[in-house]
Amino acid sequence: MSKIIKINKPIILKFEDREIKLPNELKESINKFWNDATKENPNLYNGEDYTVESETYIL
């Protein structure tokens, strides 16, 4: 199961332009997260969605 987390430090992204279909359960989870986040910070902008397929932690 995917997990949505808040990240409090800078990240580096590599972008690949392709479309994916999300399961309804995940869409609902994203919408709940987004609604909570915009209540906390109304200056957030709802732009394009991105998917993280892998991550590397640098200590």
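Thresholds applied
- Residues numbered from 1 in each chain as written.
- Predicted model: local features only at pLDDT ≥ 70, side-chain atom pairs only at ≥ 80, totals over all residues.
- Heavy atoms only, no water.
- Helix = DSSP H or I, 4+ residues; strand = E, 2+ residues; numbered from the N terminus.
- Rg over C-alpha atoms; globule rule 2.2 N^0.38 Å.
- Buried < 20%, exposed > 50% of the residue type's maximum accessible area, 1.4 Å probe, protein only.
- Salt bridge = Lys/Arg side-chain N within 4 Å of Asp/Glu carboxyl O.
- 1 Å grid on protein atoms, 1.4 Å probe; cavity = no way out; pocket = protein on both sides within 12 Å on 5 of 7 lines; lining within 4 Å.
- Points joined across faces, edges and corners; volume = space filled by probe spheres on them.
- Nonpolar A, V, L, I, M, F, W, Y, C, P; charged D, E, K, R; others polar.
- Patch = residues over 30% accessible without salt bridge, like charges linked within 9 Å, V, L, I, M, F, W, Y side chains within 5 Å.
- Areas by Shrake-Rupley, 256 points an atom, 1.4 Å probe, with all protein chains shown as cover.

### A few points about the overall build of the chain
Helix and strand counts for the chain stand at one helix and zero strands. Against the 2.2 N^0.38 benchmark of 10 Å for 59 residues, the chain shows a C-alpha radius of gyration of 13 Å, more extended than a compact globule. When the backbone C-alpha atoms are referred to their principal axes, the chain occupies close to 30 × 25 × 20 Å. A total of 59 residues make up the chain; the buried ones form 3% of that total.

### Looking at the pattern of salt bridges
This model, assessed by the stated rule, comprises four salt bridges. Measuring nitrogen to oxygen at the nearest pair gives 2.8 Å for the salt bridge that ties aspartate 36 to lysine 32. Residue aspartate 36 and its partner lysine 32 are located together in helix α1 (residues 24-40), separated by four residues, close to a single helical turn.

### Side note on the layout of surface pockets
Taking a probe equal in size to a water molecule and rolling it over the atoms shows the remaining empty space. Its boundaries defined by the atoms lining it, the largest pocket holds a volume of some 2,700 Å³. Together, 44 residues line the largest pocket, and Ile11, Leu13, Tyr50, Thr51 and Val52 are the ones closest to its centre. When its residues are assigned to classes, the lining of the largest pocket shows 21 nonpolar, nine polar and 14 charged.

### Structural notes on the environment of isoleucine 12
On the secondary structure map, isoleucine 12 appears in the segment before α1. Spatially, the C-alpha atoms of isoleucine 12 and asparagine 41 are 23 Å apart, while their sequence positions differ by 29 residues.

### Some details on a nonpolar patch on the surface
A grouping of Ile5, Ile7, Ile11 and Leu13 is seen on the molecular surface, where their side chains present a nonpolar patch of about 430 Å² in accessible area. For isoleucine 5, the location among the structural elements is in the segment before α1.

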